[in-house]
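# Breakdown of the fold
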Amino acid sequence: MNNLSRRVTSEAAMALLCLALTFIFFHSAVFPRTKTFLYGDNMLQYYPWMHKLADDWRALAPPLWDFSVEGGFPFPGEWNTAAFYPINILYVWLTGIPTFVKLDVLILFHFAAAMWGMSLFLRQRGVGTWPSLFGGAVFCWIGPVAIRASGQANIFVGLIYLPWILYFFELGLASKNAWRNSWTGLAGLTLALSLLAGHPQPFIHNSLMLGLFAVFLLFEKRTPSLSWTINLWRAAGALLTVAVIAFLFAYIQLASSHEYFARAYRWVGLASPVKALQTVVPLEVYNRYSLSFPDFFSVITGRTGALDGGTLYVTITALICACFGLGVPGIWRWFLLTITGFILLVALAGKTPFGWLAYGLPLLNMVREPVRILYLYQFCLAALAASGLQMALNGIPRRGGRFTIFVIVMSIFACEARQHGFPSLGASTNSPLTADQAYRKTPLITFLEERNRADPGMYRVLARPKDLIPPNAGDIFPLSTVLGYRSSMLIAYFDLLNRDWSLSSQALDQVGARYVVTDKPSEGLTLLSSFNGLLLYERPSARAVFRWSDSGDQAASGTIGLVKWQSNGVNLEVATNQPIKLTFAETNYPGWHVRINGVATAIDPRWPHFMSVTVPSGTSTVQWSYHPWWLIPGMCCWLIGMLFLLFTALPDRWRHLLRWKLRSQWAAFTIWWRDTHA
């Protein structure tokens, strides 16, 4: 067995060990399954959106449009849907439609990937095998990273790529051509994955840490025989390659989200929502999600008053090992200590002058909750803790003794982590706030499904208050809801509803809100039934999603036949006695196209809320389809990025041969073109 085979076998064993340790530590999320990560935003967003993603990708149709929520919305435009995250796509192809257990297992796989990536990175920094495993556990089993898994899985998934990005970048910078090798390309790919996972915050902070790490490597690994200028150009070239590759893979998400946020409000739950491209929140909101000086005691007690999981706790065991790590020779410890201080100042927000400065920094101030940067603090402490344990183990001469000490330290750490983290702080699967309970098929849901089968997709459901049924339930059950659960909403749809939110609103008539679920009696509506204290009413004045527009001609009439809904479009048969406008109560959004009897027809641009088109007299087939402009360029960017990675991964001899072949073919083509057009 050669060195490469031994390395691959060793790393495969390390990956399996990380997976086994992760499943043992978080076993209550799988067996006997008393705890779950699927609560809060994970229940309201992650679980139903994974259903939508699975339904479409398993049918080999990219999930581009969601008909089931509000007036429809571009599914990938909302970051959190992670519609183009390759791991999600591969997972649903392999495992089928998501279940509660499957998604908890997917989160555990990401925990194992974080642990393995941290171990790889630490071993590259000179830490031994067992201390590197300890550092991986400190990075992801407790503290800000583990808390984020239970709060917002899409953010958590982006965080776990940090050690992988730094690991690949350091390998790439040490290569012969720092700007053109597979390691640098993989650093760009993993950076892009931290964005495609479903939130820009990890991408911003990972990019920040990568830049700081590049500066550190510039000093640590500078070649004395080369000038500072050459060393600087090497680092800059490698960073540029990372940026280009990351852009190629993330372009499809960036393009779709930019198009969406240019037409959407953010934080629609506020009294005055702001346009989504205004990403910097008011300072008072920014300071609300920050550390205070008393929260520094959480590093020992584990208790904090900061919102959104702002804690410094990584267990006493890890803290002691991190203190030992400060005694390890070299500048690596000072880099980690400096980054830790910087992160804490940012997390304090307006409580220090530096926090005011951080609020003014571009990109960094796009993260509306400064405590979210604390996972970089956790990364630094995990690296210090691994170095400290390494130093302690170096003092033990016998291998068996070193392993015994490692097992003892790891066991004490795991006990502390379980006491102050998951599962003690995790949600019980019996809680009504978890996906296990919220998405049970109740008699109410069954009744609404039967009504929807009678008129497929023609009417929508309104819940008052909106949490009486899961807001994104339409991604799981065959029904459509007036309101979903997201931080943003299309401006045209919000402005329409904002005219009048009452149950007698004409705006609700226009959006097809026929059914109302409420917990209080409502006058003026038709009571259909009651379900365990919930009342289901019908709004007789609600208009269908597909309807004929008022033309003023009393003689004009038409019928709407069979409606067939597809992943990103809908077909229907209609018949009219004269030309008349057909209205589709779906948001008028760029990328929608319509064909009548196979002929492309223009959508009326005068109405910003919904779409309408003039149908000729007689029987017609109307085909609506959503094909955004960015889909093909985005897929092409993926292809270019993959070709670059494959090209740089080829052996030098093959790469030179391929380059020679391409040049020969290009020269032959040039000669042929010149002779042909002479």
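Residues numbered from 1 in each chain as written. Predicted model: local features only at pLDDT ≥ 70, side-chain atom pairs only at ≥ 80, totals over all residues. Heavy atoms only, no water.

### What to know about the overall build of the protein chain
Under the convention used in this document: Under the DSSP-based scheme used, a helix requires at least four consecutive residues in state H or I and a strand at least two consecutive residues in state E, with every element numbered from the N terminus. In this setup the radius of gyration rests on C-alpha atoms only. A globule is expected at 2.2 Å times the number of residues raised to 0.38. The cut-offs for exposure are 20% and 50% of the maximum accessible area for each residue type, with area from a 1.4 Å probe on protein chains only; residues under the lower value are buried, those over the upper are exposed, and the others partly exposed.
For the protein chain, the count of helices and strands is 24 helices and 19 strands. In terms of C-alpha radius of gyration, the protein chain reaches 28 Å, essentially the compact-globule figure of 26 Å for 678 residues. C-alpha extents for the protein chain along the principal axes are approximately 95 × 80 × 50 Å. The burial tally for the protein chain puts 54% of its 678 residues in the buried class.

### Considering the sheet that holds strand 10 (residues 526–531)
The criterion, for reference: Strand pairing requires that DSSP identify at least two bridges connecting the strands. Note on method: axes are straight lines fitted to C-alpha atoms, helices fitted across the in-contact stretch only, with angles between N-to-C directions ranging 0 to 180 degrees.
One open sheet holds the four strands; their spatial order is 7-9-11-10, and the pairing between them is mixed. Both outer strands of the open sheet, strand 7 (460–464) and strand 10, are each paired with one neighbouring strand and no more. Shown here is a sheet whose adjacent strand axes are inclined to one another by a mean of 25 degrees, direction ignored. Sheet topology places strand 10 next to strand 11 (residues 534–538); five bridges connect them, and they run antiparallel. Bridging from a neighbouring strand, Ser 529 pairs with Leu 536 of strand 11.

### A look at a nonpolar patch on the surface
Rules: The patches reported here contain residues having more than 30% relative accessible area and no salt bridge. Joining distances are 9 Å for like charges and 5 Å for nonpolar side chains (Val, Leu, Ile, Met, Phe, Trp, Tyr). Computed with a 1.4 Å probe, the accessible areas rest on the Shrake-Rupley method; for each residue, only the protein chains presented here act as cover. In what follows, salt bridge is the name for a side-chain nitrogen of Lys or Arg lying within 4 Å of a carboxyl oxygen of Asp or Glu.
The grouping of Val 215, Phe 219, Trp 228, Leu 326, Ile 331, Trp 334 and Leu 337 at the surface amounts to a nonpolar patch, some 670 Å² of accessible area in total. With respect to the helices and strands, Phe 219 occurs in helix 10 (residues 200–220). In this structure Phe 219 comes out as partly exposed when scored by relative accessible area, which is 45%.

### Quick look at the environment of Phe 213
Positionally, Phe 213 belongs in helix 10. Distance from Phe 213 to Phe 169, taken between C-alpha atoms, is 9.2 Å for residues 44 residues apart in sequence.

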